[in-house]
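Observations on chain architecture
This is what each chain is made of:
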Amino acid sequence: MTPRLLPLLICICFCSKSQIISFELTESWSYEDIQEIYSNDMYPENIGQINYEVDGYKIWYLTPNHNNNLVLCSGAIFLPQNTICPSPVLSWQHGTAVKDTSAPSNMKGNNKKIGVISASHGYIVTMSDFIGLGDGIGFHNYLHAETQASSITDLILYGKEFAYDKGVMPNEQLFLMGYSQGGHATMSAVKYIEDNNELELQISGSAPMGGPYNLSGAQNEMILNSESYPNPGYLPYLLFGYHNIYGLFSNINEALIEPYSEYLFSMYSGSYNMATINESLPSNPLEIFQNEYYLSFLNDANHPFMLALKDNDVFNFKPESPMRLIHCNGDDNVAIENAYTAYEQFLNFGTEDVELWDGGSFDHTTCAFFSVVAAKIWFDSIANICENNITL
């Protein structure tokens, strides 16, 4: 735990009604800095005009955990500088991360680029680290629909107030997008927002991308039918995350064989990245399980792990706002059948404005870039943004 978190934890004890506990201006980007991001990564010009310089803030805030107790969560907010009209809000949901320094609040890599580019166009951008990542407290609730949705929504609400206090007026438009775990989180947030009218949030458009929306079906079948899997560390991450919430075994040796039962949990402490975890595992993650536990999972529809998966399927609702599901048929990590299942269910429920965009034969990693670009261009086509007509 970093020393600066101590006063924040003390504040939680006495300021439980607070929203944003603390923040810091982490970095600012000039027009030239932003143009360099475009140039270095060869982003197409139609991904958004550079209208504003940008400030990036690290945020610490309170949000309810699975037991409804408030817990410290971290995230990022990117704000356009000196806006000339109210700004829409864009909530970005990150993909699977294990190492705390990879969370959006640390403003690295693609999370930072998405935040800077979108804010420079004129969006207020919010990014939750999700519970248990970054500077957050506790184990990460990996692919837990309820707390992903609430941590996302809380930062959207707090972010609108924060932006206003910083001189950036939000308008009523809200856009949500995310990839991989972030696609699952985006879907859960759409349902949560539309189920809770008291939030007074109206979604203008959402783009869940490459997400495992049907964990108990399509995604489960992909894992069970694969001789090898590109990221074997995902499955124990899910096991440990759900065990923390649902209690999936009485003792870790009940679920995992040695040596995995001895060391694997400690690798999800936030200090290791997924590549390092993957290297310690067999390419088929099913091989780490005790045979009895695995067979029970296969044959018992009420197995605790299966019930947890079903509880976090996120396609059994009717979206009331425009949605574009984006997925590549060549995805080697998250089966495109997840998107097919969700899309067909939405049509059966009578959803009026939903489309499924197949991004082609790209794999999971490659598909991410094209998916995010497509989502951003679609958002821009319906967003109310004032262009500043800056000449660089």
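Residues numbered from 1 in each chain as written. Predicted model: local features only at pLDDT ≥ 70, side-chain atom pairs only at ≥ 80, totals over all residues. Heavy atoms only, no water.

**Describing the overall build of the protein chain**
Scanning the protein chain from terminus to terminus reveals 14 helices and nine strands. A globule of 392 residues ought to have a C-alpha radius of gyration of about 21 Å, and the protein chain, at 20 Å, matches this closely. When its C-alpha atoms are laid out on the principal axes, the protein chain stretches across 65 × 50 × 40 Å. In the protein chain, which comprises 392 residues, the proportion classed as buried is 57%. Within the protein chain, contacts between residues at least 6 apart in sequence are counted, and of these 80% link residues at least 24 apart. Accessible area of the protein chain: about 16,100 Å², with a carbon and sulfur share of 48%. Between the mean site of the 14 positive side-chain charges and the mean site of the 44 negative ones, the protein chain shows a separation of 7 Å. (Helix = DSSP H or I, 4+ residues; strand = E, 2+ residues; numbered from the N terminus. Rg over C-alpha atoms; globule rule 2.2 N^0.38 Å. Buried < 20%, exposed > 50% of the residue type's maximum accessible area, 1.4 Å probe, protein only. Contact = heavy atoms within 4.5 Å. Areas by Shrake-Rupley, 256 points an atom, 1.4 Å probe, with all protein chains shown as cover. Lys, Arg positive; Asp, Glu negative; His and termini not counted. Charge placed at Lys NZ, Arg CZ, Asp CG, Glu CD.)

**Some points on the state of the cysteines**
Scanning the entire structure with this criterion turns up two disulfides. Shown here is the disulfide that connects C85 with C386, its sulfur atoms set 1.9 Å apart. Its S-S torsion of approximately 130 degrees makes the covalent link between C85 and C386 right-handed. One end of the pair, C85, is in the loop between β3 (70-80) and β4 (87-93); the other, C386, is in the segment after α14 (364-382), with 301 residues separating them in the sequence. You can call C386 partly exposed: its relative accessible area is 25%. In this model, C328 is linked to C367 through a disulfide, with the two sulfur atoms separated by 2.1 Å. One quick way to see it: the torsion about the S-S bond of C328 and C367 is about 85 degrees, and its sign makes the bridge right-handed. With C328 in the loop between β8 (323-327) and α13 (337-348) and C367 in helix α14, the pair connects residues that are 39 residues apart, well separated along the chain. (Disulfide = S-S within 2.5 Å.)

**Comments concerning the side chain of S321**
As for its position among the elements, S321 is in the loop between α12 (304-311) and β8. The class of S321 is buried, set by a relative accessible area of 4%. A distance of 2.6 Å separates the side chain of S321 from the side chain of E194, its partner in a polar contact. Ignoring anything within four residues of it in the chain, the contact list for S321 reads V190, E194, I203 and D353. (Polar contact = N/O pair within 3.5 Å; in protein donor to acceptor, adjacent residues only side chain to side chain.)

**A few points about the sheet that holds strand β2 (residues 54-64)**
If you walk across this open sheet you meet the nine strands as β1-β2-β3-β5-β4-β6-β7-β8-β9, and the pairing is mixed. Bordering the open sheet on either side are β1 (20-29) and β9 (354-358), each of which pairs with just one other strand. Each neighbouring strand pair of the sheet contributes to a mean axis angle of 20 degrees, computed without reference to strand direction. One ladder, built from five bridges, connects β8 with β9; its direction is parallel. Considered in β9, the bridge of R324 is made with E355. Contacting β8 and β9, α13 crosses the sheet at an angle of about 160 degrees to β9. (Pairing = 2+ DSSP bridges. Axes fitted to C-alpha atoms, helices over the stretch in contact; angles between N-to-C directions.)

**Considering the pattern of salt bridges**
For the coordinates displayed, the defined rule picks out six salt bridges. The partner of D353 in a salt bridge is R324, with the nearest N and O atoms 3.0 Å apart. Placement of the pair is D353 in the loop between α13 and β9 and R324 in strand β8, with a sequence separation of 29 residues. For D353, a relative accessible area of 33% corresponds to the partly exposed category. A cluster of three or more residues bridged by salt bridges with shared partners is formed by R324, D353 and E355. (Salt bridge = Lys/Arg side-chain N within 4 Å of Asp/Glu carboxyl O.)

**Overview of the nonpolar core**
Counting residues in hydrophobic clusters, the biggest one holds 40 residues, and the most contacted among them are L239, Y242, L256, L264 and F305. Examining the composition of this core, we find that seven residues originate from one element, helix α7 (residues 234-246), more than from any other. Among all residues touching Y242, those that are not within four sequence positions of it are Y142, L143, H144, L215, G247, L248, F305, A308, L309 and N312. Residues A145, I152, I156 and Y158 belong to the second largest nonpolar core, which totals 39 residues. (Core = buried A, V, L, I, M, F, W, Y, C linked by side-chain atoms within 4.5 Å.)

**Concerning unusual backbone geometry**
Backbone torsion omega between E258 and P259 reads 5 degrees, so that peptide bond is classified as cis. One can find P259 in the loop between α8 (252-255) and α9 (260-263). Look at L143: it is not a glycine, yet its phi comes out positive at around 55 degrees. Structurally, L143 is set in the loop between β5 (124-128) and α4 (145-165). Given a relative accessible area of 5%, L143 falls into the buried group. Unusually for a residue other than glycine, S180 sits at a positive phi of about 65 degrees.

**Brief notes about the confidence of the model for the protein chain**
When the pLDDT values of the protein chain are averaged, the result is 94; 94% of them are 70 or greater. Ignoring residues within four places in sequence, the model shows residues 6-18, a span with pLDDT below 50, making 14 contacts including any to other chains. (pLDDT = per-residue confidence, 0-100.)

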